[in-house]
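What follows is each chain in one-letter form.
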Amino acid sequence: MEEENIYPIFDRMLSRKDKEELLGQRGVMLWLTGLSGSGKSTIAIALERELHKRGLLCRILDGDNIRSGINNNLGFSAEDRVENIRRIAEIGKLFVDTGIITIAAFISPSNELRQMATRIIGAENFLEIYVSTPLEECEKRDVKGLYAKARRGEIKNFTGISAPFEAPERPALSLDTSKLSLEESVNTLLELVLPTVGKKGENI
């Protein structure tokens, strides 16, 4: 008898379809992977601006807003790196299920980590973008001085120097920013993304 009085909240929640129709777009995860300094965050920021111009709602997830907030209790051990990506994927799934174009920019150095993210979010909603800029170019840029510290042994398990990076096996797209300008990279991404995100993207 008591069960009849429980408000069936999950039966009353609006569906993903309802939210996508409201926004006039389809939610999708664009997962940018690559070495530190490869250009992931720069591309993510520029892509967000271009999609915003077209009336499409986006959300960037990167180290700045994840490591300083929900994942600020995680370090860089193997276990913490797995948990970092797991949480990012779970957050991303919530955004995608709300109809939001979600752009994740993380090194995520192994195929196993990225496959876990794909499983959580759903392969049908997941586009893996490999920012394939070579190590030599990333190290030359070294905007934050991290590669120099890693070479001196001041940073342990640094991807590309003292820890491995596994290139994606079948990325939806590869972008080498040592050969492509930012504009070229973003335009190539737009060609991939716009047809998948719904009527607003298709009509631009």
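Cut-offs applied
- Within each chain, residue numbers correspond to sequence positions counted from 1 in written order.
- For this predicted model, a pLDDT threshold of at least 70 governs which residues receive local features, and a threshold of 80 or more governs which side-chain atom pairs are given and counted, while totals over whole chains, interfaces and linings are taken from all residues.
- Water and hydrogen atoms were dropped before computing side-chain values, which therefore reflect all heavy atoms in the structure.
- Helix numbering and strand numbering both begin at the N terminus, where a helix is a DSSP run of H or I of at least 4 residues and a strand a DSSP run of E of at least 2.
- A 1.4 Å probe rolled over the protein chains alone gives each residue an accessible area, and that area as a share of the maximum for its type sets the label: buried under 20%, exposed over 50%, partly exposed in between.
- Throughout, a residue-residue contact means that at least one pair of heavy atoms, one from each residue, lies within 4.5 Å.
- Computed with the Shrake-Rupley method and a 1.4 Å probe, the accessible areas treat only the protein chains shown as cover for residues.
- Positive residues here are Lys and Arg, negative ones are Asp and Glu, while His and the chain termini are left out of the count.
- To locate a charge, the coordinates of NZ of Lys, CZ of Arg, CG of Asp or CD of Glu are taken.
- Side-chain atoms within 4.5 Å are what join buried Ala, Val, Leu, Ile, Met, Phe, Trp, Tyr and Cys residues into a set we call a nonpolar core.
- Only strands that DSSP links by at least two bridges are regarded as paired with each other.
- Axis definition: a line fitted to C-alpha atoms, over the contacting stretch in the case of helices. Angles run 0 to 180 degrees between N-to-C directions.

**Observations concerning the overall build of the protein chain**
The helix and strand inventory of the protein chain stands at 10 helices and 5 strands. Seen through its C-alpha atoms, the protein chain measures out along the principal axes to roughly 70 × 45 × 30 Å. Burial analysis of the protein chain (204 residues in total) assigns 42% to the buried set. Across the protein chain, every contact between residues at least 6 apart in sequence was considered, and the portion connecting residues at least 24 apart equals 76%. Accessible surface, the protein chain as shown: approximately 11500 Å² in total, 53% of it carbon and sulfur. Both charge centroids of the protein chain, one from 28 positive and one from 31 negative side chains, sit 4 Å from each other.

**Concerning the nonpolar core**
In terms of nonpolar packing, the biggest core is built from 25 residues, with Leu30, Leu32, Leu47, Leu51, Ile101 and Leu189 touching the most fellow members. Of all the elements, helix H3 (residues 40-53) adds the most residues to this core, at 5 residues. Not counting chain neighbours up to four residues away, the residues in contact with Leu30 comprise Leu47, Ile101, Thr102, Ile103, Ala104, Leu127 and Val193.

**Focus on the sheet that holds strand S1 (residues 28-33)**
Taken in spatial order, the 5 strands of this open sheet run S2-S3-S1-S4-S5, and their pairing is parallel. Pairing within the sheet leaves two strands with one partner each, and these edge strands are strand S2 (58-62) and strand S5 (173-175). Looking at each pair of strands side by side, their axes are set apart by 20 degrees on average, direction ignored. Where S1 lies against strand S4 (residues 126-131), 5 bridges are found, and the strand directions are parallel. Within the sheet, the bridge partner assigned to Thr33 lies in S4 and is Tyr130. Together, S1, S4 and S5 form the strand contacts of helix H9 (residues 182-193), whose direction differs from that of S5 by roughly 175 degrees.

**Comments concerning unusual backbone geometry**
Glycine aside, a negative phi is what most residues show, and trans is what most peptide bonds show. With phi around 35 degrees, Ser108 is a residue other than glycine that occupies positive phi space. Its relative accessible area of 3% is what places Ser108 among the buried residues.

**Here we look at the pairing of S1**
Burial analysis of S1 places 6 of its 6 residues in the buried class, which makes it a mostly covered element. Burial of the side chains of S1 extends over both faces: Val28, Leu30 and Leu32 are buried on one face and Met29, Trp31 and Thr33 on the other. Summarising the sheet, S1 and strand S3 (residues 101-105) pair through 5 bridges and their orientation is parallel. Residue pairing across strands places Leu30 opposite Ile103, the latter belonging to S3.

**Quick word on helix H6 (residues 111-121)**
Count 3.6 residues to each turn of an α-helix, and residues three or four apart come out pointing the same way. Looking at H6, one finds that the buried residues are Asn111, Leu113, Arg114, Met116, Ala117, Ile120 and Ile121. Buried positions along H6 lie against S1, helix H5 (78-97) and S4. Phi turns positive, to about 105 degrees, at Gly122, one or two residues after H6.

**Some points on the environment of Glu48**
Mapped onto the elements of the fold, Glu48 is located in helix H3. Spatially, the C-alpha atoms of Glu48 and Val186 are 9.5 Å apart, while their sequence positions differ by 138 residues. When near neighbours in sequence (up to four residues on either side) are disregarded, Glu48 contacts Cys58, Ile60 and Ile103.

**Overview of the pairing of S2**
Among the 5 residues in S2, 4 count as buried, and that is most of the element. When S2 meets S3, the two strands line up parallel, connected through 5 bridges. Looking across to S3, one finds that Ile60 is bridged to Ile103.

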